[in-house]
Protein chains: 2
Amino acid sequence: MRQWPDFIQIKEVGPRDGLQNEKKRVPTKDKIAWINKLSETGVREIEYSSFVHPKWVPQLSDAHEVGRKIKRNPNVRYSALVPNLKGLDLALEAGIDGASVFMSASESHNKSNINKSIAETYPVLEEVIREAKAAGKHVTGYVSTVFDCPFEGKITPEKVIEVCDHLVDAGVDDISLGDTIGTAVPSQVEALLDKVLDRYSSEKIIMHFHDTRGMAIANIMTSMQYGITRFDSSIGGLGGCPYAPGAAGNVATNDILYLLHGMGIKTGVDEKKIEKAALFIQKKLGKTLPSKSLAYAVAQQS
Amino acid sequence: MRQWPDFIQIKEVGPRDGLQNEKKRVPTKDKIAWINKLSETGVREIEYSSFVHPKWVPQLSDAHEVGRKIKRNPNVRYSALVPNLKGLDLALEAGIDGASVFMSASESHNKSNINKSIAETYPVLEEVIREAKAAGKHVTGYVSTVFDCPFEGKITPEKVIEVCDHLVDAGVDDISLGDTIGTAVPSQVEALLDKVLDRYSSEKIIMHFHDTRGMAIANIMTSMQYGITRFDSSIGGLGGCPYAPGAAGNVATNDILYLLHGMGIKTGVDEKKIEKAALFIQKKLGKTLPSKSLAYAVAQQS
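- In the annotation of an unreviewed UniProt entry, the entry for chain A reads Hydroxymethylglutaryl-CoA lyase, and the organism field reads Cerasibacillus terrae.
- The UniProt entry for chain A carries the following text under Sequence similarities (unreviewed entry): "Belongs to the HMG-CoA lyase family."

This is the structure:
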């Protein structure tokens, strides 16, 4: 039998990557109550909102207020998505601990998502990274569509590494590699990590899987076989796929916890508290979240 | 990068293991039309019904009529669940190509499911296996709850092997090991297959996963790493969990195909035809099937 890592670190991205794909607006006070619950689950990092312009993500237009009003757990790093210096200023005012910059490994997805070429994006992010580091903040660089792009298909590991290199040179602390549209299968994860881990240590790499086609848990297993110990996930599988409304989005925190705890791997996160926080937001949204572990828990209680 | 098998054989169990957990009765003519569609997808085996007493599974009480009326594709093995000699007689009359006998590796689950102790079950199945083999039929032995039992918890690999030994001695052609309640994580699959494959060749073993907590695809990956090349699955993830109504059941054929074809592994099965057959039964049942790949395909079309 294989040796598995002792501990896996989960970053809860539900309040940002999850909610930004939900059409129904969640009132600010409910978000605050919900993030306060998440703060007590044992997760060490919560990406709690986004400072992109409100017209792009109206759901998260209260990022500043939420940041000021949540009850901070000193053991949790509260991070937020930051697109540019203006966003960073607001995020710093709101009291973030970490800034997440983002771009795509696909030229056409980058263009579609942030309206700039990859080359035009670098200087903007470099500025944000420099200022965020100068302010003493942790900085994560998200690289999206690292496997497949909805517009141009397969993305090569070389292209992903080129983007990583720019972000690391600019000073990010770590890199989160995103299967943004949830298409990857384990052999693609192997092909990418074979090359990425030739260049970077596994501690620097976070894997960010979407479960759009039900492959995320298998991809996480494959990543762990490569020594990856950090994953992003969204409570209950909250969120969706902007390219296929109704399909699933981020892998569910509940499902990762079921996997890891079942394998005897520690996370520091309390499954029952995650379940309660998932049911809280499920009720607020009035929809059934896609996590199968959550659905099982609900079915068993009823 | 790892070497993966060239070909994986899928047995479609939707018409039996899937439907038996669906409360809404599907009219016989719809079942026949649906199985005829499944017959043209490229799957080599369809477990098309069950010859247990109709009072236990009213949904499948038309097993005889369905068997007589489906249009046989000569490339497909049509098998059915057979509990005893009486069931076998009916199944043979209905024209089955394969008989599936079944019992549990857990004493209490066996008792609950077939109202006999494990020791009392052996002679019944031995008789069925002998007669089915004498009639020239393929015989599969299902062993259920090979990881966890809803009543008594963990089941040891030794107990599973003890049951397998009895079935193999009695003459089954192969053994399907079932994660009946969908609790297993990959480390449990490793622990079981380490021992089972010490005793039996991988060709004799089929893995039968339920996706109740979203772990099935990861468990299939792990099984493939052990050389397993045969899996049971249910179209669209049709079916459920008798111990938690509303939770997911069998792993979805659609999700396995997405995995395998994405990894360049052949199955001989046409994903688009599987999708159409899944949508056919989804519509007849008036419910959304749990497969995430199917949900994605539907979302993309809408």
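Once the structure has been displayed, the description carries forward.
1. Regarding the overall build of chain A
Line of reasoning, step 1. Counting its secondary structure elements, chain A contains 12 helices and 10 strands.
Line of reasoning, step 2. Taking 2.2 N^0.38 as the reference for a compact globule, 302 residues should give roughly 19 Å; the C-alpha atoms of chain A span a radius of gyration of 18 Å, in line with that estimate.
Line of reasoning, step 3. Across its three principal directions, the C-alpha atoms of chain A cover 55 × 50 × 35 Å.
Line of reasoning, step 4. A separation threshold of at least 6 residues defines the contact pool for chain A, and within that pool the share at least 24 residues apart is 74%.
Line of reasoning, step 5. On chain A, roughly 11,400 Å² of surface is accessible, and the fraction owed to carbon and sulfur atoms is 50%.
Line of reasoning, step 6. When the 37 basic and 37 acidic side-chain charges of chain A are each reduced to a single mean position, those positions are 7 Å apart.

2. Details of the pattern of salt bridges
Line of reasoning, step 1. On inspection of all chains with the given rule, the structure shows 36 salt bridges over all chains.
Line of reasoning, step 2. Note that D174 of chain B and R230 of chain B form a salt bridge whose closest N and O atoms lie 2.7 Å from each other. Placement of the pair is D174 of chain B in strand β8 (residues 174-179) and R230 of chain B in strand β10 (residues 230-233), with a sequence separation of 56 residues. Exposure class is identical for D174 of chain B and R230 of chain B. Each is buried.
Line of reasoning, step 3. Each member of the salt-bridge network shares a partner with another, and the members are K11, R16, D17, E45, E47 and R77 of chain A.

3. Describing the relation of the copies chain A and chain B
Line of reasoning, step 1. Each copy superposes on the other: chain A lies on chain B with an RMSD of 0.0 Å after a rotation of 180° and an axial shift of 0.0 Å. Expressed as a symmetry operation, the mapping of one chain copy onto the other fits a two-fold axis. Minimal C-alpha distance to the rotation axis in chain A is attained by A218 of chain A, lying at 2.0 Å.

4. Here's the deal with the nonpolar core
Line of reasoning, step 1. L177 of chain A together with L177 of chain B are the most contacted members of the largest nonpolar core, which totals 189 residues.
Line of reasoning, step 2. Apart from residues lying up to four places away in sequence, L177 of chain A is in contact with V143, V146, V160, C164, L192, V196, I205, I206, M207 and H208 of chain A.

5. Section: the sheet that holds strand β2 (residues 45-50) of chain B
All names here are of chain B.
Line of reasoning, step 1. One closed barrel holds the 8 strands; their spatial order is β1-β2-β3-β4-β5-β8-β9-β10, and the pairing between them is parallel. Strand-to-strand twist in this sheet, taken as the mean axis angle between neighbours without regard to direction, amounts to 25°.
Line of reasoning, step 2. Here β2 pairs with strand β3 (residues 77-81) via 5 bridges, running parallel. Bridge pairing in β3 links S50 to L81.
Line of reasoning, step 3. Helix α8 (residues 186-199) rests against β8 and β9 (205-209) of the sheet, and its axis sits at about 160° to β9.
Line of reasoning, step 4. Against the sheet, helix α10 (residues 253-262) engages β1 (9-12) and β10, with an angle of about 170° to β1.

6. Examining the environment of E190 of chain A
Residue and element names in this part refer to chain A.
Line of reasoning, step 1. With respect to the helices and strands, E190 occurs in helix α8 (residues 186-199).
Line of reasoning, step 2. In this structure E190 comes out as buried when scored by relative accessible area, which is 3%.
Line of reasoning, step 3. Between the C-alpha atom of E190 and that of N250, which follows or precedes it by 60 residues, the distance is 20 Å.

7. Re helix α6 (residues 118-134) of chain B
Residues and elements named next belong to chain B.
Line of reasoning, step 1. A rise of 1.5 Å per residue sets the reference length of α6, with its 17 residues, at 24 Å; its end C-alpha atoms lie 24 Å apart and thus fit the reference within 8%.
Line of reasoning, step 2. Of all the positions in α6, only I118, T121, Y122, L125, V128, I129 and A132 are classed as buried. Along α6, the residues classed as buried sweep out an arc of 145° about the axis, all on the same side. Seen from the buried face of α6, the exposed residues on the opposite side, beyond 90 degrees, are A119, R130 and A134.
Line of reasoning, step 3. Looking at the packing, one finds that the buried side of α6 touches α4 (85-94), β4 (98-104), α5 (107-114), β5 (138-144) and α7 (157-170).
Line of reasoning, step 4. One or two residues past the end of α6 sits G136, with phi positive at roughly 80°.

8. Structural notes on helix α10 (residues 253-262) of chain A
Line of reasoning, step 1. Burial of α10 of chain A is extensive: 8 of the 10 residues sit out of reach of the surface.
Line of reasoning, step 2. Buried within α10 of chain A are the following residues: T253, N254, D255, I256, L257, Y258, L259 and L260 of chain A.
Line of reasoning, step 3. Where the residues of α10 of chain A are buried, they touch β1 (9-12), α9 (216-225), β10 (230-233), α11 (271-285) and α12 (292-301) of chain A together with α8 of chain B.
Line of reasoning, step 4. Note on α10 of chain A: the residue one or two positions beyond its end, G264 of chain A, has a positive phi of about 75°.

9. Let's talk about the side chain of D17 of chain B
All names here are of chain B.
Line of reasoning, step 1. Along the chain, the position of D17 falls in helix α1 (residues 14-18).
Line of reasoning, step 2. What makes D17 buried here is its relative accessible area of 6%.
Line of reasoning, step 3. Among the polar contacts listed, one links the side chain of D17 to the side chain of N250, at a separation of 2.9 Å.
Line of reasoning, step 4. Residues in contact with D17, not counting those within four places in the same chain, are H208, H210 and N250.

10. So, the UniProt feature "domain: Pyruvate carboxyltransferase" (unreviewed entry) in chain A
Line of reasoning, step 1. On the UniProt side, "domain: Pyruvate carboxyltransferase" (unreviewed entry) is annotated at positions that read residues 8-275 of chain A here.
Line of reasoning, step 2. The span residues 8-275 of chain A is 42% helix and 18% strand, and its two end C-alpha atoms sit 19 Å from each other.

11. Some points on the pairing of β3 of chain B
Line of reasoning, step 1. Counting buried residues in β3 of chain B gives 4 out of 5 residues, a clear majority hidden from the surface.
Line of reasoning, step 2. A crossover connection joins β2 of chain B to the parallel β3 of chain B through helix α3 (residues 63-69) of chain B; in handedness this β-α-β unit is right-handed.

12. Topic: the environment of Q3 of chain A
Line of reasoning, step 1. Along the polypeptide, Q3 of chain A turns up in the segment before β1.
Line of reasoning, step 2. Distance in space between the C-alpha atoms of Q3 of chain A and Q225 of chain A is 8.8 Å, their sequence separation being 222 residues.

Cut-offs applied
In this numbering scheme, every chain counts its residues from 1 along its sequence in written order. Numbering of ligands from 1 and lettering of chains from A proceed in the order in which they are written. Confidence filtering applies because this is a predicted model: local features only for residues at pLDDT of at least 70, side-chain atom pairs given and counted only at 80 or more, and all residues used for totals across whole chains, interfaces and linings. By convention in this description, side-chain values take in all heavy atoms of the structure and omit both hydrogens and water. UniProt positions are given in the numbering used here, feature names are shortened, and annotations may be inferred rather than shown by experiment. We count a stretch as a helix when DSSP gives it H or I for four or more residues in a row; a strand needs E for two or more, and each element gets its number in order from the N terminus. Here the globule rule reads 2.2 Å times residues to the power 0.38, and the radius of gyration is calculated from C-alpha atoms. In what follows, a contact means two residues having at least one pair of non-hydrogen atoms within 4.5 Å. Computed with a 1.4 Å probe, the accessible areas rest on the Shrake-Rupley method; for each residue, only the protein chains presented here act as cover. Only four residue types enter the tally: Lys and Arg on the positive side, Asp and Glu on the negative side, with His and both chain ends excluded. In this description, the location of a charge corresponds to atom NZ of lysine, CZ of arginine, CG of aspartate or CD of glutamate. The rule for a salt bridge is simple: a side-chain nitrogen of Lys or Arg has to be within 4 Å of a carboxyl oxygen of Asp or Glu. Buried residues are those whose accessible area, probed at 1.4 Å on protein chains only, stays under 20% of the maximum for their type, while exposed residues exceed 50% and partly exposed ones sit between those limits. To superpose the copies, least squares is applied to the C-alpha atoms of every residue with a pLDDT of at least 70 in both. Take the buried residues of types Ala, Val, Leu, Ile, Met, Phe, Trp, Tyr and Cys, join any two whose side-chain atoms come within 4.5 Å, and each joined set is a nonpolar core. Criterion used throughout: strands pair if DSSP finds at least two bridges between them. An axis is simply a line fitted to the C-alpha atoms; with a helix, the fit covers only the stretch in contact. Between two such axes, the angle follows the N-to-C directions and lies from 0 to 180 degrees. Here a helix's expected span is defined as the number of its residues, less one, multiplied by 1.5 Å. When we speak of the arc, we mean the arc of directions from the helix axis to the C-beta atoms. Polar contacts, as counted here, are pairs of nitrogen or oxygen atoms within 3.5 Å of one another; within protein the pair requires one atom able to donate a hydrogen and one able to accept it, and residues that are adjacent in sequence qualify only if both atoms are side-chain atoms. Place the viewer so that the strands point away; then a crossover is right-handed whenever the path from the first strand over the helix to the second strand goes clockwise.

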